[in-house]
Amino acid sequence: MSSQKEQSIKILETIPSFRSWRQQFIKQDKQVAFVPTMGSLHEGHLNLVKQASEHCPIVVVSIFVNPAQFGPNEDLDKYPRTLSHDLELLRSLNCVDSVFLPKVKDIYPSGIPLEIEKQKGTFIEVKGISHQLEGTTRPLFFRGVSTVVAKLFNIVQPNHTFFGQKDAQQCAVIRALISDLHFPIEMHVGATKREHNGLAMSSRNQYLTPEMRNYATALYNALTTIKNGLGKGERNREILLSKGYEIIEEATKTVKEKNLGFELKLDYLSVADPTTLEELQEIEEGKGAIISGALFVGTTRIIDNLLFNCTL
Ligand SMILES: Nc1ncnc2c1ncn2[C@@H]1O[C@H](COP(=O)(O)OP(=O)(O)OP(=O)(O)O)[C@@H](O)[C@H]1O
Ligand SMILES: CC(C)(CO)[C@@H](O)C(=O)[O-]
Ligand code: BAL
């Protein structure tokens, strides 16, 4: 079965061609698993695809760099686009049935200028959990993600969908979107894949030199220290966070002293309620927490999170 899949991976670039291909599995009553991505694939993505293939006989991956989730001053133009390598990787898995590669003009028929005042058409916002944490620095990010994911769900009509824990708030937002819009889709969250030094894999790691990648681990180390503190019974927010700040400060100082030609700058560290995503003042027994953060490594912003006694 696998070598057959390798040969017959269906590359579909239009919505009608995708819909028409999808139709056969409705007739055959075959379940479809869907992994949405922005391409530039790495082990984190591939692991989600493998999990998808364990759940359903049919696996669909989309590759679409979604303009609506980029701010006007973010990296839409330089976001890595490595389509032929991505397809090679997906073929090597022998479990992907179709790769959906929609065009911007088809997903956004009214156009998609990055300035919100100029935008036209339909947008989806999951209120209450889109504007804290990542939403503070990227206020339109989850509106863009929610909109494109809803559109992709309507086109792909998956039975199961797979998202990565690395983007924890995105998982919370998509779970709410599925529930609020009554999509008949079961959501799964795959564990974060990491480099050997702990750095969470991310397409944007390509922007980092090996030295930057080395110092970027300060974020993971800070989150791990906070989680270990919780594990040892510490429940005071300030004490927990201060240990994380210390690690970031030390790395920031070293990078400055060594004059490495870039800076580390902390965006935030957070210990938040897994349901409301609001900051926790006291971490109550049995409640759990999402420990997360974002760090600028030069101009590249990396994110990461760890879960304490909770799931997404
Ligand atoms: N290290 C990882 N481990 C597990 N899943 C991941 C990892 N990185 C990304 N994913 C998941 O893959 C899916 C597609 O993500 P995306 O294409 O944006 O890649 P990315 O590496 O997160 O890129 P970016 O640099 O934009 O953050 C998302 O569900 C995301 O959470
Ligand atoms: C879910 C997603 C594919 C929507 O563009 C993107 O936010 C991502 O890759 O995490
Ligand atoms: N995985 C998140 C996509 C983004 O940062 O735009």
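In this text the structure is predicted, and so the values were computed from the model without any measurement.

Moving on: the packing of helix H3 (residues 43-55) against helix H4 (residues 83-93). Two packed helices can be described by the angle between their axes and the distance between those axes. Running from amino to carboxyl end, H3 crosses H4 at an angle of 35 degrees, the nearest separation of the two axes being 11 Å. Note that H3 runs across H4; the crossing there is right-handed. Seen from H3, the contacting residues are Leu46, Val49 and Lys50; seen from H4, they are Leu89, Leu90 and Leu93. Residue classes in the contact of H3 with H4 are distributed as 5 nonpolar, no polar and 1 charged.

As a matter of local geometry, ligand 1 sits amid 17 residues, with Gly44, Gly164, Met201, Ser203 and Arg204 nearest to it. Going through the elements one at a time, H3 and strand S5 (160-164) are the ones with two or more residues in the shell around ligand 1. In terms of residues, the shell around ligand 1 owes the most to one element, H3, which gives 3 residues. Residues of the shell around ligand 1, tallied by class, amount to 5 nonpolar, 8 polar and 4 charged.

Further remarks concern the sheet that holds strand S4 (residues 98-100). Sheet strands pair via backbone hydrogen bonds, and the direction of the pair is either parallel or antiparallel. Across the sheet, 6 strands lie side by side as S1-S4-S3-S2-S5-S6; this open sheet has parallel pairing. Of all strands in the sheet, those bounded by a partner on one side alone are strand S1 (10-12) and strand S6 (186-190). The mean inter-strand angle of the sheet, taken between neighbouring strand axes irrespective of direction, is 25 degrees. As paired elements, strand S2 (residues 32-37) and strand S3 (residues 58-63) share 6 bridges and run parallel to each other. For Val32, the partnering residue across the bridge sits in S3 and is Ile58.

On to the domain arrangement of the protein. Taken as a whole, the protein is organised into domain 1 (2-190) and domain 2 (203-307). Its C-alpha centre places domain 1 at a distance of 27 Å from the equivalent point of domain 2. Between domain 1 and domain 2, the residue contacts involve 13 residues of the former and 13 residues of the latter. Elements that contribute at least two residues to the side of domain 1 that touches domain 2 include exactly helix H6 (134-137) and helix H8 (168-180). By residue number, the principal contributor to the side of domain 1 that touches domain 2 is H8, which donates 3 residues.

Before going further, it helps to spend a moment on the packing of helix H9 (residues 210-231) against helix H10 (residues 237-257). Running from N to C, H9 and H10 cross one another at 160 degrees; their axes reach a closest spacing of 8 Å. Judged on the interaxial angle alone, H10 and H9 are roughly antiparallel. H9 and H10 meet at a crossing whose hand is right-handed. Contact residues: H9 offers Tyr215, Ala218, Asn221, Ala222, Leu223, Thr225, Ile226, Gly229 and Leu230, while H10 offers Leu240, Leu241, Lys243, Gly244, Ile247, Ile248, Ala251 and Val255. Of the residues in the contact of H9 with H10, the class split is 12 nonpolar, 4 polar and 1 charged.

Of the pairings in the sheet, the one linking S5 to S6 comprises 5 bridges and is parallel in character. Bridge assignment links His160 to a residue of S6, and that residue is Glu186. A crossover connection joins S5 to the parallel S6 through H8; in handedness this β-α-β unit is right-handed.

For the rest of this paragraph, the subject is the confidence of the model for the protein. For the protein, mean pLDDT is 96; residues scoring 70 or higher make up 98% of the total. Per-residue pLDDT, averaged within each element of the protein, yields its smallest value for helix H1 (residues 2-7) (58) and its largest for S5 (99). With a pTM of 0.97, the predicted complex shows an ipTM of 0.98.

With that settled, the discussion passes to unusual backbone geometry. At Gln157, a residue that is not glycine, the phi angle is positive and equals roughly 50 degrees. Within the secondary structure, Gln157 is located in the loop between helix H7 (141-156) and S5. Of note in the backbone geometry, Leu277 takes a positive phi value of approximately 65 degrees without being a glycine. As for its placement among the helices and strands, Leu277 is situated in the loop between strand S7 (264-272) and strand S8 (289-297). By C-beta crowding, Leu277 is classed as buried, having 22 other C-beta atoms within 10 Å.

Attention now goes to the sheet that holds S8. If you walk across this open sheet you meet the 3 strands as S7-S8-S9, and the pairing is antiparallel. The open sheet has two edge strands, S7 and strand S9 (300-308), and neither has a second partner. The sheet shows a mean angle of 10 degrees between the axes of neighbouring strands, direction not considered. In terms of strand pairing, S7 meets S8 through 8 bridges, oriented antiparallel. Bridge pairing links Leu269 to Gly293 in S8.

Rules used throughout
- Residues numbered from 1 in each chain as written.
- Chains lettered and ligands numbered in written order.
- Predicted model: local features only at pLDDT ≥ 70, side-chain atom pairs only at ≥ 80, totals over all residues.
- Axes fitted to C-alpha atoms, helices over the stretch in contact; angles between N-to-C directions.
- Helix = DSSP H or I, 4+ residues; strand = E, 2+ residues; numbered from the N terminus.
- Left-handed = near helix turned anticlockwise from the far one by under 90°.
- Contact = placed C-beta atoms within 7 Å.
- Nonpolar A, V, L, I, M, F, W, Y, C, P; charged D, E, K, R; others polar.
- Near = placed C-beta within 6 Å.
- Pairing = 2+ DSSP bridges.
- Domains from an automatic or database assignment.
- Parallel < 35°, antiparallel > 145°, perpendicular 65-115°, else oblique.
- Right-handed = clockwise from strand over helix to strand, strands pointing away.
- pLDDT = per-residue confidence, 0-100.
- Buried ≥ 20, exposed ≤ 12 C-beta atoms within 10 Å, placed from the backbone.

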